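Fold and geometry: a report
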Amino acid sequence: MDSYVNIDNNTMYQQLSNLSDKELISRARKLKDREAEGILLERYSHLLVAVCLPSIKNNPGAAMNTVFPSILQRLSNGLKTQTIQKANEWVHQTVNAYITNPDKQVPYYPSRESRDRLHTENRVEKAATNTIEKQALIAQVERALASLKAEDRYLIEQFYLENKTFADLAAHKGYTTEKVRTLLKKAKSKLAMQLTN
Amino acid sequence: MSNNTVHNENEKLLKIFAGIRCLNRDQLPRYLQGRLTDIEKHLVEQHLVDCDLCFEALQALQQEGQLEQYQGLSANIQQYIRESIKPVSQLQKMERYVRKTKQRESMLIYFWLVAFIVGGGAILYLMQQYNYHKPVVARPVIPVLPAASVAAAPLPPPADSTSTAKPAPLAAAATPPVIPVVKKDTVKAAPPPAKKLTPADSAKKAPPPKTVKDTVKRAPDSNAMAKPAPARNDTPAATVAHNNTPKKEEKKEESSKPAASSSTAMDTDEFLYKAAMVYQQQGDLNEAINRYKRLSSSGNPRIGEMARYQMGVCYRNKGQNGKARRIFKEVVRMDGNMKQAAQQALDNL
């Protein structure tokens, strides 16, 4: 009986692990599935640790006892009460809010750029199986790309179409990789905004 | 061919907005160490453009000595999550199962409990209804029949009817053996006023006089009826009426003379007398005797005499013949309307 339960649990675990963030969130919210919640938190736990490292480097033992449990608790509470579109942004905001002020609870709210990006991503995902819609969307992206500044357009074309790395672009432009990433992010946001409006 | 490449180029544009998952536990250090394939690295970087969490994590890990700490802590937090959430979920499942079974059981228990309570309540209610209706069915026989109809209705001849046959032609006062019949009649005649007027209610004197008058007025009729059926005439009302008829005019004169207060006092006595008769009819002889005693000492001689006579009847019915005889003698000595009846009762004792 025990072995049966274990096998059942393992298959359940694997099935849940294959689910997307969105599905896990809805399971945790609607079905009050603690397992789904655990898998979601586990999926982001290493990033959470890495982000917290600079602030806890002096006392990692205490962090394991206090910081992580309270952040996880906050995330668990947020999962039940907040509308989460993008799990990574939600984790990032919650962790940053905790590091800045551990006593203050700041609700998660997605930025406008993030919403525009999410909207465009959803449109692309929907168009994947519909050729006509896909062509229309491609034409729209081309137009939006053409309206961008030359530098932004260059970076996007090089990065996405030519598969250049951050390091390549940084070397070519003489920027740091962080700056290349930031510029790309801004250019992408502009593109998403144009596509949304 | 060129068309195809253009098409592919265009399709690559959509790659800009492809949703890519965050870096997993292994990818993070491997990216830092440059141990990713070109495709994998490109995908990670595509994701890094959007994801602040992964980018900040990588930046934090780039600092010296953080990678070792990261390995240990990430393993710990994973363990912590598994320990804190999974057992809870297992417990929750068990609890949910136990709660469901308990709920099912408790629902059954509640159902039977409610069923028993409702059943018990229904049985009690039915019993009460049955008990309540039972006497109600028996009761109406007495009050429903009005005095006049009772007086007119042929009564089954009493056991002593042979003895009553003798005084029948006389159609005079009631003979003692007929008294049981008298009793029945009086009960039937008495209840309506008696029900309305218990001694406590004697203050309400307005409605009673009418009924008294009715009985008085009815007296001649019943008297007339008495001739063909003398036995029926023996109701107290009838006897009273019969005795009263010769003196009716005198009485009217009397009643017109005294003040209103004296007439109301008389009425009260009469109704107390009737109430006592009701007790007598219902078989509560002791209570009836008490009331008659009180009445016999009252100011109204006629009522006093009648009360005494009925008291004698009560004692006789109780089997106390000595007391009955003494009281009948008293009535005879009083030399009033009831003298004859009392004398006859004495003879029969």
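Residues numbered from 1 in each chain as written. Chains lettered and ligands numbered in written order. Predicted model: local features only at pLDDT ≥ 70, side-chain atom pairs only at ≥ 80, totals over all residues. Heavy atoms only, no water.

**Examining the interface of chain B and chain A**
Listed as interface residues are 57 residues of chain B and, on the opposing side, 61 residues of chain A. With both sides pooled, the region where chain B packs onto chain A buries about 5600 Å², and carbon together with sulfur makes up 65% of that total. Our count for the contact surface shared by chain B and chain A stands at five salt bridges. Taking the shortest distance from any N to any O, the salt bridge between aspartate 50 of chain B and lysine 188 of chain A comes out at 2.6 Å. Those elements that provide at least two residues to the side of chain B that touches chain A are helix H1 (2–14), helix H2 (27–32), helix H3 (38–50), helix H4 (52–62) and helix H5 (66–138) of chain B. Here the side of chain B that touches chain A takes 20 residues from H5 of chain B, the largest share from any one element. In terms of residue class, the side of chain B that touches chain A is built from 24 nonpolar, 18 polar and 15 charged. (Contact = heavy atoms within 4.5 Å. Buried area = accessible area lost by both parts, 1.4 Å probe. Salt bridge = Lys/Arg side-chain N within 4 Å of Asp/Glu carboxyl O. Helix = DSSP H or I, 4+ residues; strand = E, 2+ residues; numbered from the N terminus. Nonpolar A, V, L, I, M, F, W, Y, C, P; charged D, E, K, R; others polar.)

**A closer look at unusual backbone geometry**
Residues and elements named next belong to chain A. Its identity as a non-glycine residue notwithstanding, lysine 32 has a phi of 55°, on the positive side. Within the secondary structure, lysine 32 sits in the loop between helix H2 (21–30) and helix H3 (34–56). The exposed category is assigned to lysine 32, whose relative accessible area is 59%. The backbone phi angle of asparagine 163 is positive, close to 55°, even though this residue is not glycine. By the element assignment, asparagine 163 lies in the loop between helix H8 (150–161) and helix H9 (166–173). By relative accessible area, asparagine 163 is classed as partly exposed at 37%. (Buried < 20%, exposed > 50% of the residue type's maximum accessible area, 1.4 Å probe, protein only.)

**So, the confidence of the model for chain A**
Any region with low pLDDT has predicted coordinates that should not be read closely. Residue and element names in this part refer to chain A. Per-residue confidence for chain A averages 85 on the pLDDT scale, and 94% of its residues sit at or above 70. Element-level mean pLDDT values for chain A span from 64 in helix H1 (residues 2–17) up to 91 in helix H10 (residues 177–196). Counting contacts from residues 1–5, a segment whose pLDDT is below 50, to residues more than four positions away or on other chains yields zero contacts. (pLDDT = per-residue confidence, 0-100.)

**What about the nonpolar core?**
In this structure, Leu48, Phe68, Trp90, Ile156 and Leu184 of chain A together with Leu28 and Leu48 of chain B are the most contacted members of the largest nonpolar core, which totals 80 residues. Here this core takes 13 residues from H3 of chain A, the largest share from any one element. Not counting the four nearest positions on each side in its chain, leucine 28 of chain B is found in contact with His46, Leu47 and Ala50 of chain A together with Leu23, Ala57, Leu58, Leu61 and Tyr70 of chain B. With 26 residues, the next largest nonpolar core counts Met277, Ala307, Ala324 and Ala341 of chain B among its residues. (Core = buried A, V, L, I, M, F, W, Y, C linked by side-chain atoms within 4.5 Å.)

**Concerning the pattern of salt bridges**
Summed over the entire model, instances satisfying the criterion amount to 18 salt bridges over all chains. When the shortest N-O distance is used, the salt bridge between arginine 34 of chain A and glutamate 37 of chain A registers 3.6 Å. Residue arginine 34 of chain A and its partner glutamate 37 of chain A are both found in helix H3; the two are separated by three residues, about one turn of the helix. Within this structure, Glu89, Arg117 and Lys188 of chain A together with Asp50 of chain B form a network of salt bridges that share partners.

**Overview of the packing of aromatic side chains**
Across all of its chains, the model carries six aromatic pairs over all chains by this definition. On the basis of an interplanar angle of 70° and a centroid distance of 5.2 Å, the ring pair of phenylalanine 111 of chain B and tryptophan 112 of chain B is categorised as edge-to-face. The interplanar angle of 40° and the centroid separation of 6.5 Å between the aromatic rings of tryptophan 112 of chain B and phenylalanine 116 of chain B together place this pair among those described as tilted. Of this pair, tryptophan 112 of chain B and phenylalanine 116 of chain B both sit in helix H5, four residues apart, roughly one helical turn. Among the aromatic residues, ring-to-ring pairing joins Phe159, Tyr160 and Phe166 of chain A into one connected group. (Phe/Tyr/Trp six-rings, centres within 6.5 Å; stacked < 30°, edge-to-face > 60°.)

**Quick look at the confidence of the model for chain B**
Residues and elements named next belong to chain B. Mean pLDDT over chain B: 69, with 58% of residues reaching 70 or higher. Averaged pLDDT values over the elements of chain B bottom out at 42 in helix H8 (residues 161–165) and peak at 90 in H3. Low pLDDT (under 50) marks residues 140–261, which in the prediction has 125 contacts with non-local residues, meaning those over four places away or in another chain.

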